There are 2 protein chains.
Amino acid sequence: MGRRSDHTREELRALFIGEGHAHLAQVGLAKFSGREVAKRVGYSVGTISNLFGSVDGLIVAINSRSFELWAQILRDRLESATDDRIAALVDGYFAFAEQSPELWSAIYAHRLPEGLDLPEEDKARRAGLTQIVEDEIRTVLPADTDADVVRLARSLVAVVHGHCSFVVSGSFALLEEPDPQGAALARVRESLAAHGYCAEDFRSDSGLGDSENRGSL
Amino acid sequence: MGRRSDHTREELRALFIGEGHAHLAQVGLAKFSGREVAKRVGYSVGTISNLFGSVDGLIVAINSRSFELWAQILRDRLESATDDRIAALVDGYFAFAEQSPELWSAIYAHRLPEGLDLPEEDKARRAGLTQIVEDEIRTVLPADTDADVVRLARSLVAVVHGHCSFVVSGSFALLEEPDPQGAALARVRESLAAHGYCAEDFRSDSGLGDSENRGSL
DNA sequence: ACCGATTACTGAACGGTGTTCAATATATTT
DNA sequence: AAATATATTGAACACCGTTCAGTAATCGGT
């Protein structure tokens, strides 16, 4: 039964994204079902095609929302960080992945079918995350550094991402690593140091995972 | 029509893995179809369940084979490397991912359904890759290094993996990076240097991608 | 050489998926 | 009030992975 005036098109999209987000977090991308989401929202199957073009379109929208939640976590950590803002960033990166592993891996597991790629709007929404990191890296490096800050910042995101990816996927390489997040942070510090970052002796007051990591690694 | 003596069970598994490998490389994990593989091999649908337990089991076997091909690429690069063996490793890591992006991402996109995890046999087959890296890292660091070589080596694999992952998935962070592989290598060198690795001045004779990268990054 | 027991394989049935699209119910305009 | 335009449905379709009774091929014992 069509209930045309219950919601605007945007409200309806928000409903599907919200319910889809919950469903994705529960069952993961492999078992994600657009039909199930439609059933939960109380609309029929075909509505997804109307609103998002396809189930892939819905997943793109859900993932973009994940990016925004993720970026907000980073901002929260930065705000409550006392001194070590780099550690706060790494912490925030891992925090989202570990508290919502299905949402996190869906971001990287989902691939658009050949042909179409990400809508510009979604690209913009997702860029916020790297922007936060870029700003912090720029702050922490000397003003006259020889590094290309934008490229270095994104490369450091990749460094952290690699560790995080291995943790979430339970992958071969880091199975026996007791402190992957500490390892990621150590690598980031080493690269930053190579470009003029003064470590400011965080060795004493950073988290225990880190201090435990420093001696041996 | 059962053709019982055409192949031994192992031969038949090899047939499915081979054909499945080709199919996966063509269409990617999202569109992978066990039915299609069975059709290509010339056996019926249910045979996959007999041989591998489920389609997931077949994919696990295919991915383990990918690991072996990948490890062989690393060994080849090392063998033909003149001096810079670290660069050769990074190059091999990227080479497989870029020449077979679907196979590479299937390794990380595939997740076993809740409950069962990787058979021991597959874990062993996949560990070969990291072993190669560990051996090289150990060689290149001073004998009296303070680093835990095993943990550092795996962390460096994660560093390269992160860059590679962003490249293959076309992800937001490295879209405008002209030389992701060079960036990965630069990060690895920086971390190795922090643990006593003497760079031996590769600046002059390494690939141009690397030299172009060094000045600005 | 034959015959029962065992194994390999089939293929139809089942419940699920995403997409499509004629039909319908609701808004909007004239 | 009538005509037009839009939103939503839901059945049909083709595909997916899993299951399992049934059948064909081989093996082991006599």
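Chemist: Any chance you could explain the interface of chain B and chain A here in plain terms?
Modeler: Interface size is commonly expressed as the accessible area that is lost once the parts come together. Each partner contributes to the interface: chain B provides 44 residues, whereas chain A provides 44 residues. Taking both partners together, chain B and chain A bury about 3700 Å²; carbon and sulfur atoms supply 57% of that area. The largest per-residue losses of area from chain B upon contact with chain A belong to B:Arg111, B:Arg151 and B:Phe172, which jointly make up 19% of the total buried on that side. A salt bridge links A:Arg154 to B:Glu176; its shortest N-O distance comes to 3.7 Å. Among the secondary structure elements, those contributing two or more residues to the side of chain B that touches chain A are helix H6 (101–109), helix H7 (120–140), helix H8 (149–168), helix H9 (180–193) and helix H10 (208–216) of chain B. The leading source of residues in the side of chain B that touches chain A is H8(B), at 14 residues. Its residues assigned to classes, the side of chain B that touches chain A shows 20 nonpolar, 13 polar and 11 charged.

Chemist: I'm lost on the confidence of the model for chain A in this one. Help?
Modeler: Caution applies to low-pLDDT parts of the model: their predicted coordinates are not meant to be read in detail. Taken over all residues, the pLDDT of chain A has a mean of 88, while the share at 70 or more is 88%. Every residue in residues 203–216 of chain A scores below 50 in pLDDT, and together they form 24 contacts with partners more than four places removed in sequence or on other chains.

Chemist: What exactly am I supposed to notice about the relation of the copies chain B and chain A here?
Modeler: Related by rotation about an axis and a shift along that axis, the two copies of the chain form a pair. Once chain B has been moved 0.0 Å along the axis and rotated by 180°, it coincides with chain A to within an RMSD of 0.1 Å. Read as a symmetry element, the transformation amounts to a two-fold axis. For chain B, the residue whose C-alpha comes nearest the rotation axis is B:Gly162, separated from it by 1.8 Å. Comparing interface residues between copies, 100% of those in chain B also lie at the interface in chain A; the contact surface is shared.

Chemist: I would appreciate a short explanation of the pattern of salt bridges in the present structure.
Modeler: When charged atoms on two side chains of opposite charge get close, those side chains can pair. Residue and element names in this part refer to chain B. In this structure the tally under the stated criterion is 29 salt bridges over all chains. A salt bridge links arginine 77 to aspartate 91; the shortest N-O distance between them is 2.5 Å. With a gap of 14 residues between them, arginine 77 in helix H4 (residues 55–80) and aspartate 91 in helix H5 (residues 85–99) connect regions that are remote in the sequence. Since its relative accessible area comes to 31%, arginine 77 is described here as partly exposed.

Thresholds applied
- Residues numbered from 1 in each chain as written.
- Chains lettered and ligands numbered in written order.
- Predicted model: local features only at pLDDT ≥ 70, side-chain atom pairs only at ≥ 80, totals over all residues.
- Heavy atoms only, no water.
- Contact = heavy atoms within 4.5 Å.
- Buried area = accessible area lost by both parts, 1.4 Å probe.
- Salt bridge = Lys/Arg side-chain N within 4 Å of Asp/Glu carboxyl O.
- Helix = DSSP H or I, 4+ residues; strand = E, 2+ residues; numbered from the N terminus.
- Nonpolar A, V, L, I, M, F, W, Y, C, P; charged D, E, K, R; others polar.
- pLDDT = per-residue confidence, 0-100.
- Least-squares fit on C-alpha atoms with pLDDT ≥ 70 in both.
- Buried < 20%, exposed > 50% of the residue type's maximum accessible area, 1.4 Å probe, protein only.

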